[in-house]
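# Summary of the model geometry
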Amino acid sequence: MIQYLLFDLDNVLYSARFGLEEKVTQRVMQYAADYLRLSTEETVILRKEGETRYGTTLEWLMAEKGFTDIEDYYRAGHPEDEADALPADPELRNFLEALPCPKAILTNSNREHVDRILGRLGLENIFTHIFDMRWNSFKGKPRPEVFQRALGALGTKPDNTLFIDDYPRHVNGYIAIGGRGVLLDEFDVHKNYPYPRIRKLEELVNFLQ
Ligand SMILES: [Mg+2]
């Protein structure tokens, strides 16, 4: 029986078609390229190589490239107007409020970003907890300890907490610790995904019966 819902934020609580996360990635890659004094193309290739070791660009830069200015990184990746194009989503709010269990967010981003997005969407006061990168000491999904720490704070277990994310490796990481995970695959690109997969958040009701 599911007792808690743990949501990723970006491209989960709003559609990927707004291109918001894509722009964050572009700004972060540009920032990393400037820091490393490389072209963005070279940086993207390097980052790809480090992807299996570090889920986030920030962790990779800190662990392997001597990077320390975390707040500057977040300012560059997340300017104040980053979410201005995002419309309010009262339907999603109604849907989430009607779900029979409490909800939290676990994101590989920073709290300012989360608050901005939730403010634009009109989803304030829906989530009991927001676990961001600062809360997780700048360690990101899919590290097992990141999931475990969030579950500890919620007072729940992997098998009674449903985790929803749009990155297969994040969902895989959660399932690997015994969790119940669902991939949100909005554009039906992960057709052969071996674990539960949904196209729309509304389908979550099927996991709560
Ligand atoms: Mg996401």
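The coordinates are above.
From a predicted model like this one, the values you see are computed outputs, not experimental measurements. (Residues numbered from 1 in each chain as written. Predicted model: local features only at pLDDT ≥ 70, side-chain atom pairs only at ≥ 80, totals over all residues. Heavy atoms only, no water.)

### What to know about the overall build of the protein chain
In terms of helices and strands, the protein chain carries 8 helices and 6 strands. Going residue by residue from the N terminus, the α and β elements of the protein chain occur as β-α-α-α-α-α-β-α-β-α-β-α-β-β. The C-alpha radius of gyration of the protein chain comes to 17 Å, within 12% of the 17 Å expected for a compact globule of 209 residues. Principal-axis analysis of the C-alpha atoms places the extent of the protein chain at approximately 55 × 35 × 35 Å. Contacts in the protein chain between residues at least 24 apart in sequence constitute 61% of all its contacts with a sequence separation of at least 6. Element-wise, carbon and sulfur atoms account for 50% of the exposed surface of the protein chain, whose accessible area totals about 10,300 Å². Across the protein chain, the 26 positively charged side chains and the 34 negatively charged ones have centroids separated by 3 Å. (Helix = DSSP H or I, 4+ residues; strand = E, 2+ residues; numbered from the N terminus. Rg over C-alpha atoms; globule rule 2.2 N^0.38 Å. Contact = heavy atoms within 4.5 Å. Areas by Shrake-Rupley, 256 points an atom, 1.4 Å probe, with all protein chains shown as cover. Lys, Arg positive; Asp, Glu negative; His and termini not counted. Charge placed at Lys NZ, Arg CZ, Asp CG, Glu CD.)

### Notes on the coordination of the magnesium ion
Distances from the magnesium ion to its protein donors, Asp 8 (OD), Asp 10 (O) and Asp 166 (OD), fall at 2.0 to 2.2 Å. The sequence pattern formed by the donor residues of the magnesium ion is D-x1-D-x155-D. Of this pair, Asp 10 sits in the loop between strand 1 (4-7) and helix 1 (20-36) while Asp 166 sits in the loop between strand 4 (161-165) and helix 8 (168-176), and the two are 156 residues apart along the sequence. (Donors = N, O, S within 2.8 Å, 3.2 Å for Na, K, Ca; no water.)

### Structural notes on the packing of aromatic side chains
A full pass over the atoms with the stated rule returns 11 aromatic pairs. An angle of 85° between the planes, with centres 5.9 Å apart, marks the rings of Tyr 31 and Phe 67 as edge-to-face. One end of the pair, Tyr 31, is in helix 1; the other, Phe 67, is in the loop between helix 3 (57-64) and helix 4 (70-77), with 36 residues separating them in the sequence. The pair formed by Tyr 31 and Phe 67 is uniform in burial state, with each residue classed as buried. Between the aromatic rings of Tyr 193 and Tyr 195, the centroid separation amounts to 5.6 Å while the plane-to-plane angle is 75°, which identifies the pairing as edge-to-face. Each residue in the set Tyr 31, Tyr 35, Phe 67, Tyr 73 and Tyr 74 is aromatic and connected to the rest through ring pairs, giving one cluster. The ring of Trp 135 carries Arg 149 above its face, with NZ or CZ at 3.9 Å from the centroid. (Phe/Tyr/Trp six-rings, centres within 6.5 Å; stacked < 30°, edge-to-face > 60°. Buried < 20%, exposed > 50% of the residue type's maximum accessible area, 1.4 Å probe, protein only. Lys NZ or Arg CZ within 6 Å of the ring centre and 35° of its normal.)

### Considerations on the pattern of salt bridges
Evaluation of the coordinates by the stated rule reveals 17 salt bridges. Lys 141 is paired through a salt bridge with Asp 8; the nearest N and O atoms lie 2.9 Å apart. Placement of the pair is Lys 141 in the loop between strand 3 (129-131) and helix 7 (144-154) and Asp 8 in the loop between strand 1 and helix 1, with a sequence separation of 133 residues. Accessibility assignment for this pair places Lys 141 and Asp 8 in one class, buried. Between Arg 116 and Glu 82 there is a salt bridge; the shortest N-O distance is 2.7 Å. Here Arg 116, found in helix 6 (residues 111-121), pairs with Glu 82, found in the loop between helix 4 and helix 5 (90-98); they are 34 residues apart in sequence, far enough to count as distant. Note on Glu 82: relative accessible area 11%, which makes it buried. Where salt bridges share partners, they join Asp 185, Asp 188, Lys 191, Arg 197 and Arg 199 into one cluster. (Salt bridge = Lys/Arg side-chain N within 4 Å of Asp/Glu carboxyl O.)

### Here we look at the sheet that holds strand 5 (residues 180-184)
If you trace the 6 strands from one edge of the open sheet to the other, you get 3-2-1-4-5-6, paired in parallel fashion. Looking at which strands have only one partner, the edges of the open sheet turn out to be strand 3 and strand 6 (197-198). Where strand 2 (residues 103-106) meets strand 3, 3 bridges bridge the pair, whose relative direction is parallel. Bridge pairing links Ile 105 to Ile 130 in strand 3. The strands that helix 7 touches are strand 1, strand 2, strand 3 and strand 4; relative to strand 3, the one it contacts most, it runs at about 160°. (Pairing = 2+ DSSP bridges. Axes fitted to C-alpha atoms, helices over the stretch in contact; angles between N-to-C directions.)

### Describing the layout of surface pockets
Estimated volume of the largest pocket: approximately 930 Å³. Lining the largest pocket we find 34 residues, and of these Glu 21, Val 24, Thr 25, Thr 57 and Tyr 167 sit closest to its centre. Listed by contribution, the elements that provide at least two residues to the lining of the largest pocket are helix 1, helix 2 (40-50), helix 3, helix 4 and helix 8. Among the elements that line the lining of the largest pocket, the one with the most residues is helix 1, at 7 residues. Classifying every residue of the lining of the largest pocket by side-chain character gives 10 nonpolar, 13 polar and 11 charged. For the second largest pocket, the calculated volume is near 480 Å³. Lining the second largest pocket we find 19 residues, and of these Tyr 14, Ser 15, Arg 17, Asp 89 and Glu 186 sit closest to its centre. When its residues are assigned to classes, the lining of the second largest pocket shows 10 nonpolar, 2 polar and 7 charged. (1 Å grid on protein atoms, 1.4 Å probe; cavity = no way out; pocket = protein on both sides within 12 Å on 5 of 7 lines; lining within 4 Å. Points joined across faces, edges and corners; volume = space filled by probe spheres on them. Nonpolar A, V, L, I, M, F, W, Y, C, P; charged D, E, K, R; others polar.)

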